[in-house]
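The residues making up each chain are set out below.
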Amino acid sequence: MTNSNAGNDRTTDKLREATGFQEQAPYDESIDLRTDFVMVYGLNDTTPERIARWRAAGYRVHLMTGISWGTYQDYLDGRWDGSDHWADAQTAGDGSPILHGHSTDIPYMVPTFAFTEYLVQKLRPIIELGVEGIHLEEPEFWARAGYSESFKREWQAFFGEPWQPPHSTPEAHFRAGQLKQHLLSRSLDRVTSVLRDEALQQGRQVRFYVPTHSLLNYTQWQIISPESRLRTLPSIDGAIAQVWTGTSRTPNVYAGKVAERTFETAYLEYGIAQDLTRGTDRRMWFLHDPIEDHPDRTWEDYLANYQRTLVASLLHPGVSRYEVAPWPNRIFNRPYLREGSAERQPIPADTATSYLIAMNSLRDLDQPDVRWAQEGPRIGIALSDTAMFQRWAPGGESGHYDGLQDALAVEGREQLHFSDFYGLALPPLCDGQRVCPVQLENVIDTPDALDDVDVLVLSYEFQKPLAPGIHYALAGWVNRGGSLLYVGDGADPYHELRSWWTGRYETCADHLAEALGADRTRDDLQPVGQGRVRFLASRPADFTESPERAADLVAAIRELAEAGGLIWTSTNWLSVQRGPYLIGAVLAEAGGAHVVEGTYLDLLDPNLAVVRKRELGPGQLTWLRDLTYDDDVLLASAGRVVDWHQDRSTIHFTCEAPQGVQVTTALRVPAEPSTVTADDAELTDLRYDADAGVLWLRHPGTPSGTTIDLKF
């Protein structure tokens, strides 16, 4: 037996910060997930002690706090500077402050200069605590806000004209969105730049990150955020894509049916979130959440939807860092319902084991060998920050949704569906194609922004280009061989905004046609240099109405792909192999089954069972480790394996895990060991499969580690 890479730097080196979690509760062995880093949440008198305790447990320590909301009552009530600051609360049209969650005194804030200076002073002492990074979470401004006195003053300063009620006209609403994004970006820039400079003066390096929902979710939930602007802020080192069940189960419409499509929505959310850092040296973590904010779902529901978002994230091999959980205390120490029971119960043992197998396996996803199940066309769906500025229609209900309500009954639910986007994205995705949203703003300053796109689908019926340079960049891409499908009938009232195209062009799409040298009135495919373009005079949301309309859009995209020499194969199976890991899902809307054959270990099974043949039905998904890919000895574990040593006759390692969780570990060994010892722990299970060459060990977890010795 030769030494393998089971304990190599990729899985044990904490400097890469491949996995982490956030927690407000003080250190406890039951929530010690043994990741690379922890984000200690919140600013209060206990923060220094909490930081010190997590550091003593072996973690790289970051701090996280909300930048738009938090326990900032000393600022609001005047204890900070002697002035009442409730005028800085985001305010709805009826004059009421917009509060976070179910709180009564935690409003979302207008990021004025005064509030920004307060944040700087509040965060300044954290630098002296030696944290590795500071995460300024969720810069958010509600689309229905914009009526406070402080916002009115900022409007006058920014636009040089009197404030207009944001919901009085489409233009007023759009301009309010622009201002909200500007204020959030300005505040982030000030806080991070000042604190970074002060840290450097003290001889310290502190990195700054922004945990943020995806542009897709913020647009769907009618919230404004900096999004692409984060790439322009020099003191931002990266982001966390806050995508989880709570965002991704927001209903949408496909083929005339309103439904939760957690996997498909998460796949699109993670896709657009990559563009916050793609093409830069900044870090991106994908978030998973085993328990969402809604407290009345069942353990079975939480697990199923967690796995849908987990697998959706793994289908984006450009990212290999993960926040494995927010709030492990609410996962491992709070009771929830079980299916068929009205009683709340603590986490089932198998569920805890399953979560931890996934969390520990995520450290090994930085795999250079990436193979797609089919090398078909790569389809981009253009999405702009400006979509956040258009989430209201004259005479329509704007609604309010933040994941805590019944989405199927919420006021304005048709607006919530965001059918203009999903009408473009879901038809090709449900046909089995590799679909990924693309941040439209990036095409100007990121030369390779469209390198991974063969066909780009673009519409200006729910968003607008902020600069004509976007069209010149798109024209260059098409001329070099790209295929562009523009979808729009020109009916969007936001076309009449005062902007760079108005007065010269009827809509911004006319300038796009001019830049391409194409005729927008034609409905056929037009060659442009080495590429091609087609203008489809339809409303994007129309493609959600029926299976036939979805098929119409697929046919139009397929025509462009095949004209570019690409092979289009309709399928129900979306899958990628990352090194030894096979990740795949059967698309629910496509129907049918898919059979996986080989010799695998099932990473979604708490028992890590061997799989030789599996038939997956509609909506089912899988994450498998291919046992024929390599000869690694350590295959998977619900604990963190450290101190690995192996020679011809022995294997020695220590397995760290939260206190009391049942840990399953799978090893590849050529024969059943003669002895297996586990220091003071009792091995609750020991099995060997001679055909597969796999040994399973099971024991209770402990953060200090269980030392295992095998002799052959």
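Each remark here, short or long, concerns the structure printed above.
Keep in mind that what you see is a predicted model, and the values were worked out from it rather than measured.

Thresholds applied
- Residues numbered from 1 in each chain as written.
- Predicted model: local features only at pLDDT ≥ 70, side-chain atom pairs only at ≥ 80, totals over all residues.
- Heavy atoms only, no water.
- Phe/Tyr/Trp six-rings, centres within 6.5 Å; stacked < 30°, edge-to-face > 60°.
- Helix = DSSP H or I, 4+ residues; strand = E, 2+ residues; numbered from the N terminus.
- Buried < 20%, exposed > 50% of the residue type's maximum accessible area, 1.4 Å probe, protein only.
- Lys NZ or Arg CZ within 6 Å of the ring centre and 35° of its normal.
- Pairing = 2+ DSSP bridges.
- Contact = heavy atoms within 4.5 Å.
- Axes fitted to C-alpha atoms, helices over the stretch in contact; angles between N-to-C directions.

### Observations concerning the packing of aromatic side chains
Part 1 of the reasoning: Per the stated rule, a full pass over the model turns up 37 aromatic pairs.
Part 2 of the reasoning: Where tyrosine 302 meets tyrosine 336, the ring centres are 5.3 Å apart and the plane angle is 80 degrees; that geometry is what we call edge-to-face. On the criterion of sequence distance, the pair formed by tyrosine 302 in helix α10 (residues 299-314) and tyrosine 336 in strand β13 (residues 336-337) is long-range, its members being 34 residues apart.
Part 3 of the reasoning: What makes tyrosine 302 buried here is its relative accessible area of 2%.
Part 4 of the reasoning: When the ring of phenylalanine 418 is compared with that of tyrosine 422, the centres are 6.4 Å apart and the planes differ by 85 degrees; the resulting orientation is edge-to-face. No difference in accessibility class separates phenylalanine 418 from tyrosine 422, as the two residues are buried.
Part 5 of the reasoning: Feature note: the residues Tyr72, Tyr75, Trp80, Phe115 and Tyr118 constitute an aromatic cluster, connected by ring pairs.
Part 6 of the reasoning: Note that lysine 152 overlies the ring of tryptophan 163, its terminal NZ or CZ placed 4.5 Å from the centroid.
Part 7 of the reasoning: Of note, arginine 434 hangs over the ring of tryptophan 372, and the distance from its end group to the ring centre comes to 4.3 Å.

### Observations concerning the pairing of strand β21 (residues 531-536)
Part 1 of the reasoning: Most of β21 is tucked away: 6 of the 6 residues are buried.
Part 2 of the reasoning: Along β21, one buried face is formed by Gly531, Val533 and Phe535 and the opposite face, lined by Arg532, Arg534 and Leu536, is buried too.
Part 3 of the reasoning: Where strand β19 (residues 483-487) lies against β21, 5 bridges are found, and the strand directions are parallel. Its bridge partner being in β21, tyrosine 486 is matched across the sheet by phenylalanine 535.
Part 4 of the reasoning: As defined by bridge partners, strand β20 (residues 526-528) adjoins β21 across 3 bridges and the pair is classed as antiparallel. Across the sheet, proline 527 pairs through a bridge with arginine 532, a residue of β21.
Part 5 of the reasoning: The turn linking β20 back onto β21 is made up of 2 residues, and glycine 529 within it adopts a positive phi angle of 60 degrees.

### Observations concerning the pairing of strand β23 (residues 581-586)
Part 1 of the reasoning: Of all 6 residues in β23, 6 are buried; the element is thus mostly enclosed.
Part 2 of the reasoning: Burial of the side chains of β23 extends over both faces: Tyr581, Ile583 and Ala585 are buried on one face and Leu582, Gly584 and Val586 on the other.
Part 3 of the reasoning: Hairpin connection of strand β22 (residues 573-578) to β23: 2 residues between the antiparallel strands, including glycine 579 at a positive phi of 60 degrees.
Part 4 of the reasoning: Alignment of β23 against strand β26 (residues 621-626), held across 5 bridges, turns out to be antiparallel. Its bridge partner lying in β26, leucine 582 is registered against leucine 624.

### Concerning the environment of leucine 383
Part 1 of the reasoning: Of note, leucine 383 is situated in strand β16 (residues 378-383).
Part 2 of the reasoning: In this structure leucine 383 comes out as buried when scored by relative accessible area, which is 0%.
Part 3 of the reasoning: Between the C-alpha atom of leucine 383 and that of glycine 565, which follows or precedes it by 182 residues, the distance is 26 Å.
Part 4 of the reasoning: In this view, leucine 383 contacts Leu215, Leu216, Ile272, Phe418, Phe421, Val438, Gln439, Leu440, Glu441, Phe462 and Gln463; residues no more than four positions away in its chain are not counted.

### Digging into the sheet that holds strand β28 (residues 640-646)
Part 1 of the reasoning: The strand order across the open sheet formed by 4 strands is β28-β29-β34-β31, and the pairing between neighbours is antiparallel. The sheet terminates laterally at β28 and β31 (675-677), the two strands that pair on one side only. In this sheet, neighbouring strand axes are inclined to one another by 15 degrees on average, regardless of whether the strands run parallel or antiparallel.
Part 2 of the reasoning: One ladder, built from 3 bridges, connects β31 with strand β34 (residues 706-711); its direction is antiparallel. Bridge pairing links valine 676 to leucine 710 in β34.

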